[in-house]
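Descriptive structure summary
Chain by chain, the residues:
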Amino acid sequence: MKIITGVTRVYGILADPIHHVQTPQRMNEHFAALDHDGVLVPLHAGADTLARVVEGLRGLRNLGGVIVTVPHKTAIVELCDEVTDSARLIGAANVVRREADGRLVGHMLDGEGFVGGLRDAGVDPRGRSAYLAGAGGAANAIAFALVQAGVSRLTIANRTRAKAEDLKQRLARLDPAAVVSVGTPDPSGHDLVVNATSLGLREDDPLPLDTTRLAPGQRVCEIIMQPRVTALLQAAAQRGCAIHHGAPMLAAQIALMARFLGVRGPTAVA
Ligand code: ATR
């Protein structure tokens, strides 16, 4: 068991709900593998308390930083003192480093993590068509990463259509040649189908897209870690689709997040 002492470096994950997060276990295992004297703990902050919580983080001198997840990835950007180019472009961050002077620097790794997880599973998005449900923080990051990875075309569908239209405009600035459209809940005709909404986290959530339109040959992907098999993945498997769980995205991100937080090995240098 990890012994926590007065010199142990502290990290957190900000989420709401918090019970499902798997990052504490995964990151603490990673710290142990690196022989890093650090501990990551769950921090349950609601949308109504996020600003006060983040203000408090600046004053915690033994804090290395925090990982940020649903529903805070977009809101956190305005609360950081600085964000990296990718977080600014995407408009969301999922990791925040606390510098020695208390300044908070946000960065976004969801896109890199998602594409890394796909590649780890032997799937290269290059040349494939992709359907993306959602236009929030995670969806923005994944959309940018899919375009950068060379998908043949991308369809974005979101409850709030204006957010999908806005994402489409920003993707056009990143790559004017990218073929991006705003669609409906119908994912038919796409090789990759990705749910980047928060639907599926709660048992009574409706499905994020019309699963009756799914067919064999499509690969349906979740970024939700818990439950491992969401209602969407269940329906996709029943319709003969390949399924891709949320876990590979986190696995691909753990080392990247730790590095951004300044963890290099036995001592933290952030
Ligand atoms: P994250 O940072 O994890 O991406 P987010 O930015 O709050 O979280 O984005 C949540 C996504 O889930 C959004 O695409 C949101 O749709 P809206 O942009 O219309 O809000 C989507 N979402 C959340 N609840 C939903 C619901 N009940 N029905 C449909 N979409 C929903």
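Residues numbered from 1 in each chain as written. Predicted model: local features only at pLDDT ≥ 70, side-chain atom pairs only at ≥ 80, totals over all residues. Heavy atoms only, no water.

1. With respect to the overall build of the protein
Formally: Helix and strand definitions here come from DSSP, where helices need a minimum of 4 consecutive H or I residues and strands a minimum of 2 consecutive E residues; each element is numbered from the N-terminal end. The quantity called the radius of gyration is restricted to C-alpha atoms. Its globule counterpart is 2.2 Å times the number of residues to the power 0.38. The buried label goes to any residue with under 20% of its type's maximum accessible area, the exposed label to any with over 50%, and the partly exposed label to all in between, with areas taken from a 1.4 Å probe on protein chains only. Only heavy atoms enter the contact rule, under which two residues are in contact if any of them lie within 4.5 Å. A 1.4 Å probe and the Shrake-Rupley method give the accessible areas. Residues count as covered only by the protein chains that appear here.
The secondary structure content of the protein amounts to nine helices and 12 strands. Over its C-alpha atoms the protein spans a radius of gyration of 18 Å, differing by no more than 12% from the 18 Å that the globule rule assigns to 270 residues. With the C-alpha coordinates of the protein rotated into their principal frame, the extents come out at 55 × 40 × 35 Å. Among the 270 residues that make up the protein, the fraction classed as buried is 51%. The long-range share in the protein, meaning contacts at least 24 apart out of those at least 6 apart in sequence, stands at 69%. A total of about 12,300 Å² of accessible surface is found on the protein, and carbon and sulfur atoms cover 52% of it.

2. Comments concerning the domain arrangement of the protein
Basically, it comes down to this: Residue ranges assigned to each domain were obtained from an automatic or database domain assignment. By buried area we mean how much accessible surface two parts lose on assembly, using a 1.4 Å probe and totalling the loss over both. We define a salt bridge as a side-chain nitrogen of Lys or Arg found within 4 Å of a carboxyl oxygen belonging to Asp or Glu.
Assigned domains within the protein: domain 1 (9-109 + 250-260) and domain 2 (111-248). Computed from C-alpha atoms alone, the centre-to-centre distance between domain 1 and domain 2 is 24 Å. Counting residues at the interface gives 16 residues for domain 1, matched by 21 residues for domain 2. Where domain 1 abuts domain 2, roughly 1,400 Å² becomes buried across the two surfaces, and 64% of that area is made up of carbon and sulfur atoms. When the area that domain 1 buries against domain 2 is broken down by residue, the three leading residues are His20, Leu89 and Ile90, summing to 31%. Inspection of the domain 1/domain 2 interface yields zero salt bridges.

3. Section: the site of the ligand
In plain terms, the rule: The criterion for a residue being near a molecule or strand is simple. One of its heavy atoms has to lie within 4 Å of it. As used in this structure description, the phrase polar contact means that two N or O atoms lie within 3.5 Å; if the pair is within protein, one of them must be able to donate a hydrogen and the other to accept it, and residues adjacent in sequence are counted only when both atoms belong to side chains. Following the grouping adopted for this structure description, the nonpolar residues are Ala, Val, Leu, Ile, Met, Phe, Trp, Tyr, Cys and Pro, the charged ones are Asp, Glu, Lys and Arg, and the polar ones are all others, Gly among them.
Taken together, 15 residues are adjacent to the ligand, and Ala138, Asn158, Arg159, Thr160 and Lys163 come closest. Between the ligand and Gly137, the relevant distance is 2.9 Å, taken from an oxygen atom to a main-chain nitrogen or oxygen of the residue. Lys163 is positioned with one of its side-chain polar atoms (N or O) 2.6 Å from an oxygen atom of the ligand. Its residues assigned to classes, the shell around the ligand shows four nonpolar, eight polar and three charged.

4. Concerning unusual backbone geometry
For the bond running from Asp16 to Pro17, omega is 5 degrees, close enough to zero to count as cis. With respect to the helices and strands, Pro17 occurs in the loop between β1 (9-15) and α1 (23-34). A cis amide bond links Gln226 with the next residue in sequence, Pro227, at an omega value of 5 degrees. With respect to the helices and strands, the residue Pro227 is situated in the loop between β11 (219-222) and α8 (231-238). The backbone of Asp35 shows a phi angle near 60 degrees, a positive value even though the residue is not glycine. By the secondary structure assignment, Asp35 is in the loop between α1 and β2 (38-44).

5. Considering the UniProt feature "domain: Shikimate dehydrogenase substrate binding N-terminal" (unreviewed entry) in the protein
Put simply, the test is: UniProt positions are given in the numbering used here, feature names are shortened, and annotations may be inferred rather than shown by experiment.
Sequence positions flagged by UniProt for "domain: Shikimate dehydrogenase substrate binding N-terminal" (unreviewed entry) are, in local numbering, residues 13-96. When the span residues 13-96 is considered, its composition is 38% helix and 24% strand, and the gap between its end C-alpha atoms is 10 Å.

6. A short note on the side chain of Thr155
Residue placement: Thr155 occurs in strand β8 (residues 153-157). Overall, Thr155 belongs to the buried group, its relative accessible area being 8%. A polar contact of 2.7 Å, which involves the side chain of Thr155, links it to the side chain of His190. When sequence neighbours within four positions are dropped, the list of residues in contact with Thr155 reads Ala130, Tyr131, Leu132, Ser181, Val182, Gly183 and His190.

7. So, the UniProt feature "domain: Quinate/shikimate 5-dehydrogenase/glutamyl-tRNA reductase" (unreviewed entry) in the protein
Sequence positions flagged by UniProt for "domain: Quinate/shikimate 5-dehydrogenase/glutamyl-tRNA reductase" (unreviewed entry) are, in local numbering, residues 128-171. Each end of residues 128-171 is marked by a C-alpha atom, and these two atoms are 17 Å apart; helix forms 52% of the span and strand 23%.

8. Quick notes on the sheet that holds β11
What counts is decided by this rule: Pairing between strands is defined by DSSP: at least two bridges between the two strands are required. Note on geometry: axes are C-alpha line fits, over the in-contact stretch for helices, and angles between N-to-C directions span 0 to 180 degrees.
Spatial ordering of the open sheet is given by β9-β8-β7-β10-β11-β12, a layout of six strands whose pairing is parallel. What marks the edges here is a single partner per strand, and that holds for β9 (180-182) and β12 (242-244). Across the sheet, the mean angle separating the axes of adjacent strands is 20 degrees when strand polarity is ignored. In this structure, strand β7 (residues 129-133) lies alongside β8, joined through five bridges in parallel fashion. Directly across from Ala130, in β8, lies its bridge partner Leu154.

9. Here's the deal with the sheet that holds strand β5 (residues 95-98)
In spatial order, the strands read β2-β1-β3-β5-β6-β4; together these six strands make up an open sheet with mixed pairing. Two strands in the sheet have a free side with no partner beyond their single neighbour: β2 and β4 (82-83). Note: β5 against strand β6 (residues 104-107), four bridges, orientation antiparallel. Bridging across to β6, Arg98 finds its partner in Leu104. Packed onto the sheet, α1 meets β1, β2 and β3 (63-68) and runs at close to 170 degrees relative to β2. Against the sheet, helix α9 (residues 247-260) touches β3, β5 and β6, its axis set at about 25 degrees to β5.

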